[in-house]
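Each chain is listed here by its residues.
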Amino acid sequence: MDASMESLLETYLFETNSLLDGLDELLINAEKIGDFSEDDVNEIFRSMHTIKGSSAMLEFNGLMEIAHHIEDLFFYIRENGIDSLDQTHKSELFNLMFKSTDKLRSEIEKVENNEPLETNIDSFVGEINGLLKKISGESSDADDTTNSSSAETSADGTKSAAIPVSAGDVPYFIHIYFEDGCGMENLRAFMIVNALQERELNFTYYPDDIDSNPDSAEKIIEDGFYIGFHTEDELGKGCTVVSNAQNIRSYETVQNQEASAPEESEPTEKAASVEKNTASPAASAPAKGKSDAAPAKKKEVAPHGAVKQDLISVNLSKLDALMALVGEIVITESMVTSSPDLQGLNLDNFNKSARQLRKLTDDLQDIAMSLRMVSVSGVFQKMNRIVRDMKQNLNRDVRLTIIGENTEVDKTIVDGIGDPLMHIVRNAIDHGIEENVEDRIAAGKDPQGEVVLSATHTGSEVIISVSDDGRGMDTDAILAKAARNGILTKPESDYSQKEILMLLMTPGFSTNTEVTEYSGRGVGLDVVKKNVEAIGGVVTITSELGKGSCTTLKIPLTLAIADGMEISVGKSIFTVPISNIRQSFKATEEDIVLDPAGHEMIRCMDAFYPIVRAHELYNIPDACTKIDDGILMWVDASDKSYCLFVDKLIGEHQVVVKPLPPYLQQFHIKDSGISGCTILGDGNISIILDIAHVYEAARGIF
Amino acid sequence: MAETTVDIIETDEGQSSKSIQRFLTFVSDNITFGVSTDYVIEIISSYMICTLPMVPDYIKGIINLRGQTIPIIDIRLRMGKMPQDYTDATCIIILEIKDISVGIVVDSVTQVLDIDLDRISPIPTQNQQELTSSMISREDGSVILFLDCEELISQ
């Protein structure tokens, strides 16, 4: 596959995926109302048409076939109006559409992963056709038969009328025959027409209903496809376009002697009037279909043009490279302006320029960061689909309310929260919402359960919460289950409500005794916790028995840049994320309390916290060993809270987080409490501590 | 590094240059090693190594090479030899092996040689050492051991 094909494929995947995402959203919304609006039908028709066309171009026949049949189905619906369907058909249609988008998506995934596509799609196509037959069979009455017969006559009429008309009007022609058996001739013709339109050529073509009438394919096979041009120049340009098109068996240029003489304005007028004539004898249905299609197509084109101007899609790796570069610039800038060579010099002009430079680099950094920010709506919309499926399969009446879906977060974080959110939403419905509506009514709640998915910004964090108004969590039952599973670490009576809820996130815990398709395999919340922690976030659960529960994810806005406190231990410099620091204070030997095992503890705010000596943990020579000489830093991360003993605080900085070199991963460096590193203004490296893992590492050596 | 020169080990006339490869030789613990120049990115002699806690002793730490962080392996310690204080001659060879960059600390770098691959022989199995897979003996009687780079990064 050459480079141009590669980029074509990339565009195809991007386009098809966005179309499918759009379709999903549309379907969810339509199903909520329980009906397709006329716009919806048109939109689905258009999307399928595009997918069909582009799949045919790349010769993904399975995809093309599916899209083609759905298009047929919606063509019928569009012709007859959605109201001709009764409720059962509509719900069948919804199910079929969800299935189809899933099918298409899975095929697209195969394309993405370079796997062979499914060739046997007959049963699926049969299903689509079955529904089409069902709905068309029931509504087929006299009206329908006249429709189809009139459509035929109109087709015949156009055929006989249009050839002479177009032949008489235009002096130059390209006459194209497609390869035998290449299929979808009308579409291939339409692709050529599209290509010509892109060149902004002025032309006419016959058959002219290729985009709306699938029967035109046969006409093209029989008579070939005609494209008419007014000037020789345009003919030449047209020929180059045609010669680049695929699956063409032969094409020839034809000159029409009679037509070259008459005036320009008259024939066009004539063409218009004749075309009107050919259309008018046809029954109202196809004409309506055509006129529907025309504005619909215009509608599609207009926003498309606008989108193309405003948005470009960029490879993420390029953005990453840009971010890395900007990070370097920020560091280099401070390296230059705080260069030791400049110390003691009084450089007014330099300082002025340096301030200007700093302002610019700050702006640059902000912009570069904002490039990676995407709204969480994509992930949230996917939850709609999950709720919809679960509603059907578990037979529970639940609605999903989404708040703040426009909240923007870093792209890597959006990618990272998809799976955890899915788990949580599934849990909320499967475990949270009452199984029987009667139970809800008895508890005085709305019979329809509600799951609220919300996202809000707070400073440097985004808070995503999933709350349900279900039965809440029974802490006694959780505790009993935990005891049964043997995951308790202290006597049952010592557990606080918060701690009990934390048990839910211990590996191997699931409150549902029955395993369902959606949850209850005991791999739920602990995986959620792990995934969220991997992107620097924290999960907390609150619950009130009988009233519902709420799972909250607190996630940093970005992973790339963090506020950090530089600390020194011996000669090493470490960075502790500011968000983990609660307080730093001096202490004396007398404040330290020892537990029976000899572990040091200190009292902060009426509670005792263990002390972790950084120099002991990391075996750093020449560090302060006396508590009086160093400083204690009270830190916390998720459920851990302790004091870290270090030599000195150096100062607060904004740091660009760099991952550690991949070679070092094999030494399990993450487990020793190091999450990454950053480059300091002087070019040295500072290690960024991962407060949660530092504690675990320290516990390991105690 | 100033003495780094190119010196061609004599090859038969008319032999295709396909089997000739360039090797950078360096000395560690009085043994001369060779590493294919395909892997070598650069040689640096001024560096500030940031030590990492809780890693094997042969991982000296990481350095900042123009914004890239590169782990540094002391080849002496990696081969189980005694550590030696770093001198002016000590330098770091930055290698890129299968997209992974690492730096190796060596006692000194000597030269770049064109070596005929056909003349490289495997190390007798009873003397098999970690990290070296083959050797060549030169006209002057000296021996070059070849560093197996892929083994260096695998674990």
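All values reported here derive from a predicted model rather than from experimental measurement.

1. Some words on the overall build of chain B
Link 1 in the chain: For chain B, the helix and strand inventory stands at 2 helices and 12 strands.
Link 2 in the chain: In chain B, the order of α-helices and β-strands from amino to carboxyl end is β-β-β-β-β-β-α-β-β-β-β-β-β-α.
Link 3 in the chain: Of all 155 residues assigned to chain B, the portion counted as buried reaches 27%.
Link 4 in the chain: Long-range pairs, those at least 24 residues apart, make up 54% of the contacts in chain B between residues at least 6 apart in sequence.

2. Some remarks on the overall build of chain A
Link 1 in the chain: Looking only at helices and strands, chain A has 22 helices and 22 strands in total.
Link 2 in the chain: Relative to its full complement of 702 residues, chain A shows a buried share of 34%.
Link 3 in the chain: Put simply, of all contacts in chain A between residues at least 6 apart along the chain, 72% involve residues at least 24 apart.

3. Quick word on the interface of chain A and chain B
Link 1 in the chain: With 20 residues of chain A in contact, the opposing surface of chain B contributes 20 residues.
Link 2 in the chain: Residue assignment for the side of chain A that touches chain B shows that the elements contributing at least two residues are strand 21 (674-679) and strand 22 (685-689) of chain A.
Link 3 in the chain: Class assignment for the residues of the side of chain A that touches chain B results in 12 nonpolar, 6 polar and 2 charged.

4. Quick notes on the sheet that holds strand 14 (residues 581-585) of chain A
All names here are of chain A.
Link 1 in the chain: Taken together, 6 strands build an open sheet; the order of strands is 14-18-19-17-16-15 and the sheet is mixed. Looking at which strands have only one partner, the edges of the open sheet turn out to be strand 14 and strand 15 (593-594).
Link 2 in the chain: Where strand 14 meets strand 18 (residues 631-637), 4 bridges bridge the pair, whose relative direction is antiparallel. Across the sheet, isoleucine 581 pairs through a bridge with valine 635, a residue of strand 18.

5. Observations regarding the sheet that holds strand 6 (residues 398-403) of chain A
Residues and elements named next belong to chain A.
Link 1 in the chain: Spatial ordering of the open sheet is given by 6-8-9-11-10, a layout of 5 strands whose pairing is mixed. Both outer strands of the open sheet, strand 6 and strand 10 (538-544), are each paired with one neighbouring strand and no more. Across the sheet, the mean angle from the axis of one strand to that of its neighbour is 15°, orientation sign disregarded.
Link 2 in the chain: Looking at chain direction, strand 6 and strand 8 (residues 449-458) are connected through 6 bridges and run parallel.

6. Thoughts on helix 14 (residues 348-371) of chain A
Link 1 in the chain: When the terminal C-alpha atoms of helix 14 of chain A are compared, their 35 Å separation across 24 residues agrees well with the 34 Å that a helix rising 1.5 Å per residue should span.
Link 2 in the chain: Taken across its 24 residues, helix 14 of chain A has 2 buried, putting it largely on the surface.

7. A word on unusual backbone geometry
All names here are of chain B.
Link 1 in the chain: Of note in this structure, asparagine 30 is not a glycine but carries a positive phi near 65°.
Link 2 in the chain: Residue placement: asparagine 30 occurs in the loop between strand 2 (20-28) and strand 3 (31-36).
Link 3 in the chain: For asparagine 30, a count of 7 C-beta atoms within 10 Å corresponds to the exposed category.
Link 4 in the chain: Located in the positive-phi region is lysine 98, a residue other than glycine, with phi close to 45°.
Link 5 in the chain: Considering the arrangement of structural elements, one finds lysine 98 in the loop between strand 7 (91-97) and strand 8 (100-106).
Link 6 in the chain: Here lysine 98 falls in the exposed class, since 9 other C-beta atoms lie within 10 Å of it.

8. Digging into the confidence of the model for chain B
All names here are of chain B.
Link 1 in the chain: Looking at chain B, pLDDT values average 79 and 84% of them are 70 or higher.
Link 2 in the chain: Throughout residues 1-15 the model reports pLDDT below 50, and contacts reaching past four residues in sequence, or to other chains, amount to 19 contacts.
Link 3 in the chain: Interface confidence for the predicted complex, given as ipTM, is 0.78, next to a pTM of 0.49.

9. Thoughts on the confidence of the model for chain A
If pLDDT is low for a region, its predicted coordinates should not be looked at in detail.
Residue and element names in this part refer to chain A.
Link 1 in the chain: Here chain A shows a mean pLDDT of 74. Residues at 70 or above account for 80%.
Link 2 in the chain: Every residue in residues 139-167 scores below 50 in pLDDT, and together they form 36 contacts with partners more than four places removed in sequence or on other chains.
Link 3 in the chain: Predicted confidence is poor over residues 258-309, with pLDDT under 50, and the contacts of this stretch with residues over four places away or in other chains come to 46 contacts.

10. Structural notes on helix 4 (residues 87-112) of chain A
All names here are of chain A.
Link 1 in the chain: Taking 1.5 Å as the rise per residue, helix 4 with 26 residues should run 38 Å; its terminal C-alpha atoms sit 37 Å apart, in good agreement.
Link 2 in the chain: Turning to helix 4, its buried residues number three or more, namely Leu93, Met97, Ser100, Thr101, Leu104, Glu107 and Ile108.
Link 3 in the chain: Phi turns positive one or two residues past the end of helix 4, at asparagine 114, with a value near 65°.

11. Some thoughts on the packing of helix 16 (residues 411-432) of chain A against helix 20 (residues 525-534) of chain A
Residue and element names in this part refer to chain A.
Link 1 in the chain: Running from N to C, helix 16 and helix 20 point in directions that differ by 155°, and their axes come no closer than 9 Å. The orientation of helix 16 relative to helix 20 falls into the category roughly antiparallel. The two elements helix 16 and helix 20 cross, and the hand of that crossing is left-handed. Where helix 16 approaches helix 20, its residues Gly416, Asp419, Pro420, His423 and Ile424 are matched on the opposing element by Val527, Val528, Asn531, Val532 and Ala534.
Link 2 in the chain: Within the contact of helix 16 with helix 20, the residues separate by chemical class into 6 nonpolar, 3 polar and 1 charged.

12. Quick look at the nonpolar core
Link 1 in the chain: One finds Val576, Val612, Cys643, Leu644 and Phe645 of chain A together with Ile104 of chain B to be the most contacted residues of the largest nonpolar core, which totals 79 residues.
Link 2 in the chain: At 6 residues, helix 22 (residues 691-701) of chain A tops the list of elements feeding residues into this core.
Link 3 in the chain: Each of two domains, domain 3 (316-372) and domain 5 (561-701) of chain A, supplies a minimum of three residues to this core.

13. Examining the environment of leucine 632 of chain A
Residue and element names in this part refer to chain A.
Link 1 in the chain: One can find leucine 632 in strand 18.
Link 2 in the chain: In this structure leucine 632 comes out as buried when scored by C-beta crowding, with 24 C-beta atoms within 10 Å.
Link 3 in the chain: Placed 46 residues apart in sequence, leucine 632 and lysine 586 show a C-alpha to C-alpha distance of 6.0 Å.
Link 4 in the chain: With near-sequence residues (within four places) excluded, leucine 632 lies in contact with Ser584, Phe585, Ala587, Ile602, Ile611, Cys643 and Phe645.

14. What about the packing of helix 15 (residues 377-394) of chain A against helix 16 of chain A?
All names here are of chain A.
Link 1 in the chain: Across the interface, helix 15 lies against helix 16 with an axial gap of 10 Å and an inter-helix angle of 25°. Regarding the angle of helix 15 to helix 16, the classification is roughly parallel. Handedness of the helix 15/helix 16 crossing: right-handed. Residues Gly378, Val379, Lys382, Met383, Ile386, Val387, Met390 and Leu394 of helix 15 lie in contact with helix 16, whose contacting residues are Val414, Ile417, Gly418, Leu421, Met422, Val425, Arg426, Ile429 and Asp430.
Link 2 in the chain: Of the residues belonging to the contact of helix 15 with helix 16, the class tally is 12 nonpolar, 2 polar and 3 charged.

Rules used in this analysis
Residues numbered from 1 in each chain as written. Chains lettered and ligands numbered in written order. Predicted model: local features only at pLDDT ≥ 70, side-chain atom pairs only at ≥ 80, totals over all residues. Helix = DSSP H or I, 4+ residues; strand = E, 2+ residues; numbered from the N terminus. Buried ≥ 20, exposed ≤ 12 C-beta atoms within 10 Å, placed from the backbone. Contact = placed C-beta atoms within 7 Å. Nonpolar A, V, L, I, M, F, W, Y, C, P; charged D, E, K, R; others polar. Pairing = 2+ DSSP bridges. Axes fitted to C-alpha atoms, helices over the stretch in contact; angles between N-to-C directions. Expected span 1.5 Å × (residues − 1). pLDDT = per-residue confidence, 0-100. Parallel < 35°, antiparallel > 145°, perpendicular 65-115°, else oblique. Left-handed = near helix turned anticlockwise from the far one by under 90°. Core = buried A, V, L, I, M, F, W, Y, C linked by C-beta atoms within 7 Å. Domains from an automatic or database assignment.

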